[in-house]
Amino acid sequence: MSHPELTVLLASPRGFCAGVERAIEIVERALEQNGPPVYVRHEIVHNRHVVDGLRAKGAVFVEDLDEVPDGALVVFSAHGVPKAVPAEAKRRRLLYADATCPLVSKVHRGVEQHHRNGRTVLLIGHSGHPEVVGTMGQLPDGAVILVEDVEQALSVQVPDPENLAYATQTTLSLRETEDVVAALKRRFPGIAGPRREDICYATTNRQRAVEAIAPRAELTLIIGASNSSNSMRLVEVARAAGCPRATLVQNAREMDWRLLDGVRAVAISAGASAPEDLVDELIAACRQRFTVSLEEVELVREDVSFRTPPIPMRQAS
Ligand code: SF4
């Protein structure tokens with residue numbers, strides 16, 4: 001019996017960004033140079049497949065420095081950490097490597113600059129996300145106020161409306177953030193903003209690529225984890241672009257194939273923390289069930305890469 005036909009519209013760019021590649025390389029090099037265990041504070045990137053792979057090589061994931069033994073080497077995740085974390089690592093004389101994405105570090109430097117200029121920073125982002133925790137933790141308590149949506153932008157109370165700045169999480173929805181920024185600017189016309197968008201190139205490109213293909217599909221599949229902010233935003237972007245049936249999928253093995261019943265065109269992309277082999281596996285699994293015609297839609301070619309910092313060497317005991 002012949003398989004039903006399925007057009008797969010594959011977004012490009014998709015998957016790993018330069019910050020995620022750098023973070024993984026830092027953990028791998030730390031393991032190569034020092035041998036296991038290498039402690040990693042928080043999931044290095046929000047992807048179980050990546051985390052499990054590094055764990056198999058000897059990485060130990062912890063949520064707090066308290067769980068890292070004296071003398072050990074610890075890596076901070078790509079999302080960034082509050083200033084108190086490296087300070088505590090120094091106090092305990094731990095060796096550490098900082099895998100904070102340089103684009104997140106740029107936001108950290110921006111909020112510090114605003115603080116030095118006497119401004120309160122309104123940070124647009126999601127409460128509890130590690131990047132938001134890290135950015136808020138660059139300044140003393142109260143110096144950064146979180147704004148999660150337009151409603152909060154319209155009601156937020158500030159100490160001095162004439163001395164304000166805003167910054168954003170790097171992985172937000174472009175469209176929703178525009179609305180929040182516009183609401184803030186209407187209320188506080190003098191508010192200072194970043195010279196260039198805080199939403200990073202990878203988030204921007206992946207969202208635009210999904211916007212381009214989702215309207216042509218009856219179903220959009222985003223490979224990524226539910227705690228991955230940029231993957232969740234891709235699902236929302238697909239829906240807003242005209243594909244109401246959009247969902248996250250962890251990998252081909254966890255795919256609910258009933259979703260594809262009667263579907264003739266599916267759009268596929270992957271969040272910035274999802275490796276390309278998960279995309280390959282999902283397309284291979286589609287080929288086992290359908291006669292697939294694959295159309296890759298490339299919106300822009302990325303050539304961003306970040307240098308990895310030197311990794312500290314653990315002393316032989
Ligand atoms: S999504 Fe953007 S900010 Fe986050 S790690 Fe990737 S490049 Fe850096």
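Residues numbered from 1 in each chain as written. Predicted model: local features only at pLDDT ≥ 70, side-chain atom pairs only at ≥ 80, totals over all residues. Heavy atoms only, no water.

Trainee: Can you tell me about the overall build of the protein, naming the residues and giving the values?
Mentor: Summing up its helical and strand segments, the protein has 10 helices and 12 strands in all. For 317 residues, the compact-globule formula gives about 20 Å, and the C-alpha radius of gyration of the protein, at 21 Å, lands near that figure. Here the C-alpha coordinates of the protein stretch approximately 70 × 60 × 30 Å along the principal axes. The long-range share in the protein, meaning contacts at least 24 apart out of those at least 6 apart in sequence, stands at 76%. About 15000 Å² of surface is accessible on the protein, with carbon and sulfur atoms providing 49% of the total. Here the protein contributes 36 positively and 42 negatively charged side chains, and the mean placements of these two sets differ by 4 Å. (Helix = DSSP H or I, 4+ residues; strand = E, 2+ residues; numbered from the N terminus. Rg over C-alpha atoms; globule rule 2.2 N^0.38 Å. Contact = heavy atoms within 4.5 Å. Areas by Shrake-Rupley, 256 points an atom, 1.4 Å probe, with all protein chains shown as cover. Lys, Arg positive; Asp, Glu negative; His and termini not counted. Charge placed at Lys NZ, Arg CZ, Asp CG, Glu CD.)

Trainee: How would you sum up the site of the ligand? Please name residues and give values.
Mentor: The ligand sits among Cys17, Gly19, Cys101, Leu103, Val104, Thr170, Thr171, Cys200 and Tyr201. Among the detected pockets, the ligand sits in the largest cavity. Class assignment of the residues belonging to the shell around the ligand gives a composition of 6 nonpolar, 3 polar and no charged. (Near = heavy atom within 4 Å. 1 Å grid on protein atoms, 1.4 Å probe; cavity = no way out; pocket = protein on both sides within 12 Å on 5 of 7 lines; lining within 4 Å. Sits in = over half its atoms within 2 Å of the grid points. Nonpolar A, V, L, I, M, F, W, Y, C, P; charged D, E, K, R; others polar.)

Trainee: Now, about the layout of surface pockets: what can you tell me, with residues and values included?
Mentor: Volume-wise, the largest pocket comes out at about 300 Å³. Forming the boundary of the largest pocket are 14 residues, of which Lys106, Gly110, Pro194, Arg195 and Asp198 lie nearest the centre. Going through the elements one at a time, helix 4 (102–116) and strand 8 (164–168) are the ones with two or more residues in the lining of the largest pocket. At 7 residues, the largest contribution of residues to the lining of the largest pocket is made by helix 4. (Points joined across faces, edges and corners; volume = space filled by probe spheres on them.)

Trainee: Any details on the packing of helix 8 (residues 201–213) against helix 9 (residues 229–240)? Residues and values, ideally.
Mentor: To describe two helices that pack against each other, one gives the angle between their axes and the distance between the axes. Relative orientation of the contacting elements helix 8 and helix 9 amounts to 30 degrees, with a least axis distance of 9 Å. Considered as vectors, helix 8 and helix 9 are oriented roughly parallel to each other. In this structure, the crossing between helix 8 and helix 9 has a hand that is right-handed. Residues Arg206, Gln207, Val210 and Glu211 of helix 8 touch helix 9, and the partners they reach there are Arg233, Leu234, Val237 and Ala238. Taken together, the residues of the contact of helix 8 with helix 9 sort by class into 4 nonpolar, 1 polar and 3 charged. (Axes fitted to C-alpha atoms, helices over the stretch in contact; angles between N-to-C directions. Parallel < 35°, antiparallel > 145°, perpendicular 65-115°, else oblique. Left-handed = near helix turned anticlockwise from the far one by under 90°.)

Trainee: Give a description of a negative patch on the surface that names residues and reports values.
Mentor: Together, Glu148, Asp149, Glu151, Glu176 and Asp179 make up a negatively charged patch on the protein surface. By the secondary structure assignment, glutamate 148 is in the loop between strand 7 (144–147) and helix 6 (150–155). (Patch = residues over 30% accessible without salt bridge, like charges linked within 9 Å, V, L, I, M, F, W, Y side chains within 5 Å. Salt bridge = Lys/Arg side-chain N within 4 Å of Asp/Glu carboxyl O.)

Trainee: Which residues make up the sheet that holds strand 3 (residues 59–62), and what values go with them?
Mentor: The pairing of strands in a sheet happens through backbone hydrogen bonds and is either parallel or antiparallel. In spatial order, the strands read 3-2-4-5; together these 4 strands make up an open sheet with parallel pairing. Because the sheet does not close on itself, it has two edges, and the strands there are strand 3 and strand 5 (95–98). Adjacent strand axes in the sheet meet at a mean angle of 30 degrees when their direction is disregarded. The pairing of strand 4 (residues 73–76) with strand 5 spans 4 bridges and is parallel. Looking at the pairing, phenylalanine 76 lines up with aspartate 98 of strand 5. (Pairing = 2+ DSSP bridges.)

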